[in-house]
Number of protein chains: 4
Amino acid sequence: MATPSWLLLQRTVRFGDTDAAGVMHFHQLLRWCHEAYEESLEAFGVAPACVFPMAAADRPAGLEAPAVALPIVHCRADFRRPLVCGDPLLIHLEPLRLDPGSFEVRYRFQRVHSGEEPQDAALGLTRHLAIEPASRLRCSLPDPVQRWLEAAAVAAGGIRPA
Amino acid sequence: MATPSWLLLQRTVRFGDTDAAGVMHFHQLLRWCHEAYEESLEAFGVAPACVFPMAAADRPAGLEAPAVALPIVHCRADFRRPLVCGDPLLIHLEPLRLDPGSFEVRYRFQRVHSGEEPQDAALGLTRHLAIEPASRLRCSLPDPVQRWLEAAAVAAGGIRPA
Amino acid sequence: MATPSWLLLQRTVRFGDTDAAGVMHFHQLLRWCHEAYEESLEAFGVAPACVFPMAAADRPAGLEAPAVALPIVHCRADFRRPLVCGDPLLIHLEPLRLDPGSFEVRYRFQRVHSGEEPQDAALGLTRHLAIEPASRLRCSLPDPVQRWLEAAAVAAGGIRPA
Amino acid sequence: MATPSWLLLQRTVRFGDTDAAGVMHFHQLLRWCHEAYEESLEAFGVAPACVFPMAAADRPAGLEAPAVALPIVHCRADFRRPLVCGDPLLIHLEPLRLDPGSFEVRYRFQRVHSGEEPQDAALGLTRHLAIEPASRLRCSLPDPVQRWLEAAAVAAGGIRPA
């Protein structure tokens, strides 16, 4: 089974992502990870307003504020190859439910210059916990995120025989 | 004449672009401006390696380092409407040659929710000066940037009768 | 009258503030402006929780959420001299009340290497509007910000004879 | 032996570090880690120009560009407690030499409100590899960084009896 389009994203390294060594500055990768997670949810069909808090005055009419927050409790990244301004990247996402109230996303960044083999450039990981914002107590993952995780598990199952 | 696609870009407000007031944090807009300028050049056909410096070890084989740098000497932004996580944006670019050694780019950000009229959200401006990196003396704009500015002038001319 | 310490701040250019041209990436300056504004208010004696929103669960006990938000409606910056990693900066702030519901802050960044004359490096400006967060209607500036603006006007008066 | 001042730093959470959940956005912590590493080196007596690359035109007269780059090959962070705008932080650094050509720095962030016990808020880690910038081949750590690592080992030894 082919990877669904909402688990395979693209972005380009921009000038402001680099530092005076001429390459991507390391912590930008973690920003890319979170943006890829948001883009994947949206491409899968989950409206950002269902998952991410926003100013009350700007919430779409009729939509409640999300009852669950999904803060990151752990993140990490491994850097295999320097990335420079203009590098086109392919981002493979592997979301994984850990238990009823937490999940993690693994990100694999490949540099894909036309006419060349894709080259592994970096790996990232973010681990998220579901909590009730007011009490900060753990709770279950929100339904739309559950569905996204289940669909990702099905997609992964197609690649890795059980 | 319709606006060419390399002067009309899209992006989405992401969670990390917001602050605790629940809306886009102001200086992120200037980052979006520069990224739109880079994306426009690339969509027009100018390779990033022709304009932006990068680590020597990663420069594409056969490509010289750019002989001209284009630092920003002035920038500004006006904020008309708060932007929240998930807002889809349309970015209109108006690049303008100021003299043989400088140009500016005006950016107009519109929020474009489906089924609604586009709403003006913010304006940005960056002014760039051509310099020789080693001496920091002013020089002429690089050829690819000249061509991009000329094509933008032609495109604008089609909209605004002389 | 000497400039009070809460209008004269210091910071150092860090590696992540630079880009592949080897100098400070322009939009970082706007971040420094806002951080200097926050630091100035705090050094003057205004607790951040009185001015800036934060997660309800983490608000200091007994402190109400600020009834007024102070979004930036305009910002700009002029860049006079490149700044490199490690450059020690002096930041002069000039807060100015514009009307009962708005103010601006001007920022002057000087590079101050020991044994050398301070050199002007950049200017910044942020303009803020007082609004009620829920209605987004204009309102009066919060008292602590008023006091900070009045004290800044007195300090400026001591330098510039009326 | 008390922790030397160059291994115990301070910073304050700023508004732009937060997101619409009202708390510090996770990847800012990695930025703080690198800034703490730079500040620690500088406070120990290592000039930034000896370690970090910068624009050739701005290099202090008589100082060569660093012959060694120290890219990050791995980073991670654990988040224990949300941080809000204005939170004063204490940062404990533990630099550790791994082999002749690499080291890591562990960072412990504590929230230290006056009159309260310091509370652990987050842990960070960055792992750095020494390379020659042109060839990207591994090499030995630069002398100033070696001295910093040795002094840190001595300081740690004073606390933890062998």
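Provided above is the structure to which this section pertains.
What counts and how
Residues numbered from 1 in each chain as written. Chains lettered and ligands numbered in written order. Predicted model: local features only at pLDDT ≥ 70, side-chain atom pairs only at ≥ 80, totals over all residues. Heavy atoms only, no water. Contact = heavy atoms within 4.5 Å. Buried area = accessible area lost by both parts, 1.4 Å probe. Salt bridge = Lys/Arg side-chain N within 4 Å of Asp/Glu carboxyl O. Helix = DSSP H or I, 4+ residues; strand = E, 2+ residues; numbered from the N terminus. Buried < 20%, exposed > 50% of the residue type's maximum accessible area, 1.4 Å probe, protein only. Least-squares fit on C-alpha atoms with pLDDT ≥ 70 in both. Pairing = 2+ DSSP bridges. Axes fitted to C-alpha atoms, helices over the stretch in contact; angles between N-to-C directions. Expected span 1.5 Å × (residues − 1). Phe/Tyr/Trp six-rings, centres within 6.5 Å; stacked < 30°, edge-to-face > 60°.

Asker: Sorry if this is basic, but what is going on with the interface of chain C and chain A here?
Answerer: The figure often quoted for interface size is the accessible area lost as the parts come together. Contacts between the two partners involve 14 residues from chain C and, on the opposite side, 14 residues from chain A. Summed over both partners, the interface of chain C with chain A buries about 1000 Å², with 59% contributed by carbon and sulfur atoms. The largest contributions to the chain C side of the interface with chain A come from Phe15, Ala20 and Arg136 of chain C, which together make up 41% of the buried area.

Asker: Would you explain the interface of chain A and chain B in this entry?
Answerer: Listed by partner, the interface residues are 25 residues for chain A and 25 residues for chain B. Where chain A abuts chain B, roughly 2000 Å² becomes buried across the two surfaces, and 58% of that area is made up of carbon and sulfur atoms. Contact with chain B buries surface across chain A, with Arg14, Phe15 and Asp58 of chain A losing the most and accounting together for 28% of the total. In this assembly, chain A and chain B are joined by two salt bridges. A salt bridge links Glu42 of chain A to Arg14 of chain B; its shortest N-O distance comes to 3.0 Å.

Asker: Is there a simple way to think about the pattern of salt bridges in this case?
Answerer: A side chain with one charge can pair with a side chain of the opposite charge if their charged atoms come near. Residues and elements named next belong to chain B. With the rule as written, the count across this model stands at 40 salt bridges over all chains. Between Glu35 and Arg31 there is a salt bridge, and its shortest N-O distance comes to 3.2 Å. Of this pair, Glu35 and Arg31 both sit in helix H1 (residues 28-44), separated by four residues, roughly a single helical turn. Owing to a relative accessible area of 8%, Arg31 belongs among the buried residues under this scheme.

Asker: Explain the relation of the copies chain C and chain A here, please?
Answerer: Note on the chain copies: they are related by a rotation about an axis and a translation along it. The two copies are related by a screw motion: chain C maps onto chain A through a turn of 180 degrees and a shift of 0.0 Å along the axis, at an RMSD of 0.0 Å. Accordingly, the operation relating the two chain copies is best matched by a two-fold axis. Of all interface residues in chain C, 100% are interface residues in chain A too; the two copies therefore contact each other through one and the same surface.

Asker: What should I look at first to understand the environment of Ala47 of chain B in this one?
Answerer: Within the fold, Ala47 of chain B resides in the loop between H1 and helix H2 (48-51). In this structure, the C-alpha to C-alpha distance between Ala47 of chain B and Pro144 of chain B, residues 97 residues apart in sequence, is 9.0 Å.

Asker: Help me understand the sheet that holds strand E1 (residues 8-12) of chain C in this model?
Answerer: Working definition: the strands of a sheet are paired by backbone hydrogen bonds and lie parallel or antiparallel to each other. Ordered by their spatial adjacency, ten strands build an open sheet running E1(B)-E3(B)-E4(B)-E5(B)-E2(B)-E2(C)-E5(C)-E4(C)-E3(C)-E1(C), and the pairing between neighbours is antiparallel. Each edge of the open sheet is held by one strand with a lone partner, namely strand E1 (8-12) of chain B together with E1 of chain C. Ignoring strand direction, the axes of neighbouring strands in this sheet form an average angle of 20 degrees. As defined by bridge partners, strand E4 (residues 102-111) of chain B adjoins strand E5 (residues 119-129) of chain B across ten bridges and the pair is classed as antiparallel. Opposite Gln110 of chain B, over in E5 of chain B, you have Asp120 of chain B as the bridge partner. Sitting on the sheet, helix H1 (residues 28-44) of chain C is in contact with strand E2 (72-79) of chain B together with E1, strand E2 (72-79), strand E3 (88-99), strand E4 (102-111) and strand E5 (119-129) of chain C, with an inclination near 110 degrees to E4 of chain C.

Asker: Would you take a moment to explain the relation of the copies chain A and chain B for this structure?
Answerer: Overlay of chain A on chain B (RMSD 0.0 Å): rotation 180 degrees, translation along the axis 0.0 Å. Of the residues that chain A buries at the interface, 100% are likewise interface residues in chain B, meaning the two copies contact each other through the same surface.

Asker: Just to check I follow, could you spell out the pairing of E5 of chain B for this structure?
Answerer: Looking along a regular strand, one sees side chains alternate from face to face of the sheet. Sheet topology note: the E2 of chain B/E5 of chain B ladder contains seven bridges and is antiparallel. Across the sheet, residue His74 of chain B finds its bridge partner in E5 of chain B, namely Arg127 of chain B.

Asker: Where do I start with the pairing of E1 of chain C in this structure?
Answerer: All names here are of chain C. Residues of E1 alternate between two faces, with Leu9 and Arg11 buried on one and Leu8, Gln10 and Thr12 left unburied on the opposite face. The pairing of E1 with E3 spans five bridges and is antiparallel. Counted as the bridge partner of Arg11 is Leu89 from E3.

Asker: Can you help me understand the side chain of Arg14 of chain A in this one?
Answerer: Relative to the assigned elements, Arg14 of chain A resides in the loop between strand E1 (8-12) and helix H1 (28-44). Assessed through its relative accessible area of 9%, Arg14 of chain A is described here as buried.

Asker: Would you explain the sheet that holds strand E4 (residues 102-111) of chain D in this entry?
Answerer: If you trace the ten strands from one edge of the open sheet to the other, you get E1(A)-E3(A)-E4(A)-E5(A)-E2(A)-E2(D)-E5(D)-E4(D)-E3(D)-E1(D), paired in antiparallel fashion. Sheet topology places E1 of chain A together with strand E1 (8-12) of chain D at the edges, where each strand pairs with a single neighbour. Averaged over neighbouring strand pairs, the angle between their axes works out to 20 degrees when direction is ignored. Bridging between strand E3 (residues 88-99) of chain D and E4 of chain D involves ten bridges; their strand directions are antiparallel. Looking at E4 of chain D, one finds that His92 of chain D is bridged to Arg108 of chain D.

Asker: Explain helix H1 (residues 28-44) of chain D here, please?
Answerer: Residues lying three or four places apart along an α-helix face the same way, a consequence of the helix completing one turn every 3.6 residues. Residue and element names in this part refer to chain D. Taking 1.5 Å of rise per residue, the 17 residues of H1 would be expected to cover 24 Å, and the 24 Å separating its terminal C-alpha atoms lies within 8% of that figure. Of all 17 residues in H1, 13 are buried; the element is thus mostly enclosed. Two residues or fewer past H1, Gly45 is found with a positive phi of approximately 120 degrees.

Asker: Would you take a moment to explain the packing of aromatic side chains for this structure?
Answerer: One pass over the structure, following the stated rule, counts 32 aromatic pairs over all chains. On the numbers, 5.9 Å between centres and 80 degrees between planes, the contact of Tyr37 of chain B with Phe52 of chain B is edge-to-face. In this pair, Tyr37 of chain B sits in helix H1 while Phe52 of chain B sits in the loop between H2 and E2, placing the two residues 15 residues apart along the sequence. In this structure, Tyr37 of chain B and Phe52 of chain B share a single accessibility class: buried. Taken together, Phe15 of chain A together with Tyr37, Phe52, Phe103 and Trp148 of chain B form an aromatic cluster joined through their ring pairs.

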